Amino acid sequence: MQSAPPTDPFKAPDNAITIKDLTKIYRGRGGKTALREVSLSIPRGSFFGLLGPNGAGKSTMINIMAGLVMKTSGTVRVWEYDIDRNPLQSRCAIGVVPQELNLDPFFTPRELLEVQAGMYGVPAAARRTDAILEAVGLTAQAGAYARTLSGGMRRRLLVAKAMVHSPPILVLDEPTAGVDVDLRRQLWAMLRQLNASGTTILLTTHYLEEAQSLCDRVAIINHGRLIACDTTEALLRTLDSKVMTVTVDRATALATPELAALGIEAVGADRLQVRYRRGEAHMEDVLTAIRATGMKILDLSTEETRLEDIFLHLTRQEPG
């Protein structure tokens, strides 16, 4: 396999990945349509989140980019290489970290990276095995059999394998699934560093707080259709709302007409909640109405719109 395309920013394309009218129909599965005319562009250098419920089509899209699944129609360009016309170059431009921990248990991390580099045609003198192992925190385990590594170490080793040919694009399919909080933070730090160095990262995850924290752009697909694609900040503004939660001393008069008129709802035996748009806050009216019922306010908190709110709002209203 050819070596990776050059990553010189003066020669690099504006978009790392460009997808137009991508459709995938699995003929052998009762004609199931996994992707329906999806079009999106992933800017070079971005940290891009691809979100969607289980079965939405995320993994199918990734596998098409990587040349593992044949598309039904549409075009996909990876680093400006058409995956049909230039399959070798497009595959060299991308490194994929799969969700499954598919490692040969009888190879050491150093051996696995050397073999992977050889498969991509990276000359021995140009290989960065030790540097990559250091980058993912596996220098001390370089000579240990993969079967002796913890789940978190194996996850990092998969990232290392995807980096051996220095691809300008790194795709991670649920990289933190099943890992503990500490390891998840380590992976986040590593990915941020890779992105800061110029690597375009495409991330799929079910941890929406993860996507909100890491990604500068987000696309959401549901039932194989693209239903949203914008900067993370712009998506968060679409609901343009905050939530105020008030804890009271007793569960009385929780549903008076006065409270209902202000949009105040009971969300527990001793909690009231109201959602309001920014710039239209009427908190003093809310607090006055609560006090008028005779309840004593014990605590108050506000919460900004989260990516999870946007995700649920869009996927619930999207028809199948």
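Look up a bit, the structure's there.
Here the structure is a predicted model, which means the values were calculated and not measured.

Cut-offs applied
- Residues numbered from 1 in each chain as written.
- Predicted model: local features only at pLDDT ≥ 70, side-chain atom pairs only at ≥ 80, totals over all residues.
- Heavy atoms only, no water.
- Pairing = 2+ DSSP bridges.
- Helix = DSSP H or I, 4+ residues; strand = E, 2+ residues; numbered from the N terminus.
- Contact = heavy atoms within 4.5 Å.
- Axes fitted to C-alpha atoms, helices over the stretch in contact; angles between N-to-C directions.
- Salt bridge = Lys/Arg side-chain N within 4 Å of Asp/Glu carboxyl O.
- Buried < 20%, exposed > 50% of the residue type's maximum accessible area, 1.4 Å probe, protein only.
- Core = buried A, V, L, I, M, F, W, Y, C linked by side-chain atoms within 4.5 Å.

Colleague: Account for the sheet that holds strand 5 (residues 81-82), with residues named and values stated.
Modeller: A sheet is described by the order of its strands in space; here four strands give the open sequence 2-1-4-5, paired in antiparallel fashion. Each having just a single partner strand, strand 2 (32-43) and strand 5 make up the two edges of the open sheet. Strand direction decides the pairing type here: strand 1 (residues 15-26) and strand 2, joined by eight bridges, are antiparallel. Note that in strand 2 the partner of Asn15 across the bridge is Pro43. Across the sheet, helix 1 (residues 58-65) touches strand 1, strand 2 and strand 4 (73-78), and the angle it forms with strand 1 is around 115°.

Colleague: Requested: an account of the pattern of salt bridges, with residues and values cited.
Modeller: Tallying each qualifying case throughout the model produces five salt bridges. Ionic pairing is found between Arg127 and Glu114, a salt bridge with its closest N-O pair at 2.8 Å. In this pair, Arg127 is assigned in the loop between helix 3 (109-119) and helix 4 (129-135) and Glu114 in helix 3, connecting sequence segments 13 residues apart. Given the relative accessible area of 26%, Arg127 is considered partly exposed. The salt bridge involving Arg184 is made with Glu209; its shortest N-O contact spans 3.5 Å. Of this pair, Arg184 sits in helix 6 (residues 181-196) while Glu209 sits in helix 7 (residues 208-214), and the two are 25 residues apart along the sequence. Overall, the relative accessible area of 12% leaves Arg184 in the buried class.

Colleague: Which residues make up the nonpolar core, and what values go with them?
Modeller: By size, the foremost hydrophobic cluster in this structure holds 48 residues, and its most contacted members are Leu51, Leu157, Val159, Leu170 and Leu172. With six residues, helix 6 is the largest single contributor of residues to this core. Dropping the residues within four chain positions of it, Leu51 is found in contact with Lys58, Thr205, Leu208, Ala211, Val218, Ala219, Ile220, Ile221, Leu307 and Phe311. One finds Met61, Ile62, Leu202 and Ala219 within the second-largest nonpolar core, a separate group that totals 30 residues.

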